[in-house]
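Structure at a glance
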Number of protein chains: 2
Amino acid sequence: MMISTKGRYAMRVMIDLAEHGGDGYVAMKEVAERQQISLKYLEKILPALVAEGLVEGVHGKGGGYRLTRKPEEYTAGEILRVAEGELVPVACMLCGAEPCKRAAECRTLPMWTKLGTVVGDYLDGVTVADLINGKA
Amino acid sequence: MMISTKGRYAMRVMIDLAEHGGDGYVAMKEVAERQQISLKYLEKILPALVAEGLVEGVHGKGGGYRLTRKPEEYTAGEILRVAEGELVPVACMLCGAEPCKRAAECRTLPMWTKLGTVVGDYLDGVTVADLINGKA
DNA sequence: TTTATACCTACCGATAAGGTAGGTTAATAA
DNA sequence: TTATTAACCTACCTTATCGGTAGGTATAAA
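Residues numbered from 1 in each chain as written. Chains lettered and ligands numbered in written order. Predicted model: local features only at pLDDT ≥ 70, side-chain atom pairs only at ≥ 80, totals over all residues. Heavy atoms only, no water.

Some points on the interface of chain A and chain B
Threshold: Only heavy atoms matter for contacts: two residues are in contact if any of them lie within 4.5 Å across the pair. Here the quantity called buried area is the total loss of accessible area, with a 1.4 Å probe, experienced by two parts when brought into contact, counted for both. Salt bridges are counted wherever a side-chain nitrogen of Lys or Arg sits within 4 Å of a carboxyl oxygen of Asp or Glu. N or O atoms within 3.5 Å of each other form a polar contact, as long as, within protein, one can give a hydrogen and the other can take it, and as long as residues adjacent in sequence are counted only when both atoms are side-chain atoms. Put simply, DSSP marks the helices as runs of H or I at least four residues long and the strands as runs of E at least two long, and each gets a number from the N terminus on. Gly is put with the polar residues, along with every residue not named as nonpolar or charged; the nonpolar set is Ala, Val, Leu, Ile, Met, Phe, Trp, Tyr, Cys and Pro, and the charged set is Asp, Glu, Lys and Arg.
With 35 residues of chain A in contact, the opposing surface of chain B contributes 35 residues. In total, chain A and chain B occlude about 3300 Å² of area from one another, counting both sides; carbon and sulfur atoms represent 69% of this. For the interface between chain A and chain B, the tally reads 2 salt bridges. Residue Arg107(B) is joined to Glu19(A) by a salt bridge in which the shortest nitrogen-to-oxygen separation is 2.8 Å. Where chain A touches chain B, the interface holds 5 residue pairs in polar contact (both at pLDDT 80 or more). Contributions of two or more residues to the side of chain A that touches chain B are made by helix 1 (5–20), helix 2 (28–35), helix 4 (76–84), helix 5 (109–124) and helix 6 (128–132) of chain A. Sorting elements by how many residues they give to the side of chain A that touches chain B places helix 5 of chain A first, with 9 residues. Looking at the side of chain A that touches chain B, its residues break down into 25 nonpolar, 3 polar and 7 charged.

Description of the protein's contact with DNA strand D
Formally: For this purpose, a residue is taken to be near a molecule or strand whenever a single non-hydrogen atom of the residue falls within 4 Å of it.
If you check the shell around DNA strand D, you find 21 residues, and the closest are Ser38(A), Lys40(A), Lys44(A), Met28(B) and Tyr65(B). A distance of 2.4 Å separates a base oxygen of DNA strand D from a polar side-chain atom of Lys40(A). In the model, a base oxygen of DNA strand D is placed 3.5 Å from a nitrogen or oxygen of the Gly60(A) main chain. Listing elements by their share of the surface near DNA strand D, those giving two or more residues are helix 1 and helix 3 (39–51) of chain A together with helix 3 (39–51) and strand 2 (64–67) of chain B. Here the surface near DNA strand D takes 3 residues from helix 3 of chain A, the largest share from any one element. Looking at the surface near DNA strand D residue by residue, the class counts come to 8 nonpolar, 8 polar and 5 charged.

Comments concerning the nonpolar core
For the record, the criterion: Buried Ala, Val, Leu, Ile, Met, Phe, Trp, Tyr and Cys residues that are joined via side-chain atoms within 4.5 Å together make up what is termed a nonpolar core. Only protein chains enter the accessibility calculation, which uses a 1.4 Å probe; a residue is then buried when its area is under 20% of its type maximum, exposed when over 50%, and partly exposed in between.
Membership of the largest hydrophobic core comes to 74 residues, with the highest contact counts inside it found for Met14(A), Met111(A), Leu123(A), Met14(B), Met111(B) and Leu123(B). Not counting residues within four places of it along the chain, the set of residues in contact with Leu123(B) comprises Met111(A), Leu115(A), Thr75(B), Ala76(B), Gly77(B), Leu80(B) and Leu87(B).

Some thoughts on helix 4 of chain A
Residues and elements named next belong to chain A. Which entries qualify depends on this criterion: In this description, one arc is meant: the one made by directions from the helix axis to the C-beta atoms.
Those residues of helix 4 not exposed but buried are Ala76, Gly77, Ile79, Leu80 and Ala83. Buried positions in helix 4, seen along its axis, are confined to an arc of 165° and lie on one side of it. A positive phi of about 95° marks Gly85, the residue just after helix 4.

Looking at the protein's contact with DNA strand C
Neighbouring residues of DNA strand C: 22 residues in total, closest Met28(A), Tyr65(A), Ser38(B), Lys40(B) and Lys44(B). Across the atoms of DNA strand C situated within 4 Å of the protein, the share located in sugar and phosphate is 60%. Between DNA strand C and Tyr65(A) there is a distance of 2.4 Å, counted from a phosphate oxygen to a side-chain nitrogen or oxygen. Between DNA strand C and the protein, one listed contact pairs a base oxygen with a side-chain N or O atom of Lys40(B) at 2.4 Å. When contributions to the surface near DNA strand C are tallied by element, the ones reaching two or more residues are helix 3 and strand 2 (64–67) of chain A together with helix 1 (5–20) and helix 3 of chain B.

A short note on the relation of the copies chain A and chain B
For clarity, the threshold we go by: For this overlay, a least-squares fit was computed on C-alpha atoms, restricted to residues scoring pLDDT of at least 70 in both copies.
The transformation that overlays chain A on chain B combines an axial shift of 0.0 Å with a rotation of 180°, and the residual RMSD is 0.0 Å. Each copy turns onto its partner about a two-fold axis. With an isologous cut-off of 70% or more, the 100% of interface residues of chain A that recur at the interface of chain B puts this contact in the isologous class.

Here's the deal with the state of the cysteines
Rule in force here: Note on disulfides: each one is a pair of cysteine sulfur atoms within 2.5 Å.
Counting across every chain of the model gives 0 disulfides over all chains. We note that Cys106(B) lacks a disulfide partner, and the nearest cysteine sulfur, in Cys100(B), lies 6.3 Å from it.

Side note on the environment of Ile3(A)
Position of Ile3(A) relative to the elements: it lies in the segment before helix 1. Sequence separation between Ile3(A) and Leu87(A) is 84 residues, and the spatial gap between their C-alpha atoms is 9.1 Å.

Digging into the packing of aromatic side chains
Each aromatic ring pair is characterised by the separation of its centres together with the angle its planes make. All names here are of chain A. Quick reminder of the rule: Centres within 6.5 Å are what make two rings of Phe, Tyr or Trp a pair, Trp counting through its six-membered ring; a difference in plane orientation under 30 degrees is then read as stacked, over 60 as edge-to-face, and the rest as tilted.
Applying the stated criterion across every chain, the model contains 2 aromatic pairs over all chains. Judged by centre distance (5.8 Å) and plane angle (85°), the rings of Tyr9 and Tyr41 are edge-to-face. Placement of the pair is Tyr9 in helix 1 and Tyr41 in helix 3, with a sequence separation of 32 residues. Judged by relative accessible area, which is 31%, Tyr41 ranks as partly exposed.

Here it is in structure tokens:
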């Protein structure tokens, strides 16, 4: 029952970009230093965020990344789903999982489903702006 | 963000004991067959449940396991914590983790803490009896 | 043309997941 | 007393994931 570093670091990058970005681009080298995260590891996390349009990057001198929306328009749930994959609590609920034959009579599936909803609802209710303002 | 088979199987064993136990002992061989879980793997999960007093086992012919309380007196949260370990969502919140130096100014820690509470509260509100009656 | 940066691919060590295999101990029934 | 049953214990195994590192290429600005 764990969010891995991938998701946690993605959250911190988004917050860092919101706090230090302004209108310009922020180099990952800076973020890595501020957040005490290996630059090389950050470089493995960013492509997913770019692919889903959460941030955009530009090459070369003076380049870096910036948010594509305002901080209040990102939810933690959205960021985590992009960085981590689905937020479901059990493997049998994963999208690509082979359908469980016991699902119909499974005594526990309703609980896992509800747990997924509880987690998703909470995380979808927290925005990057909330995290910066300490309102989470 | 996943509950492993260990926790899921533990839940199913507890439910199975509640449904088929009555006052007597149920052999894991039966449970394994009914639940379609490898007997050998079940034998690795049960010791923790015994150690924490959730079930008790007796050796030999006619032996097996039985619940030590009524089904409505077990919560899913309790069972999962015994089988899986702590239910916290991030490694830095684990009991034995070395304290994070950034904790005081961490923008995300409050969210993880709240998420842990949300998950714990939900799971602590579901009993084995609820799962049997479909009230979860 | 130099420099800074994103971006890409491959690898790597450690750990955990999800088991198997083969025994020993304890209790009951024959 | 002996056979049987079932809990319990220890060791091992395979595969995948975690959390990175290394070394490059592409691109844009100065």
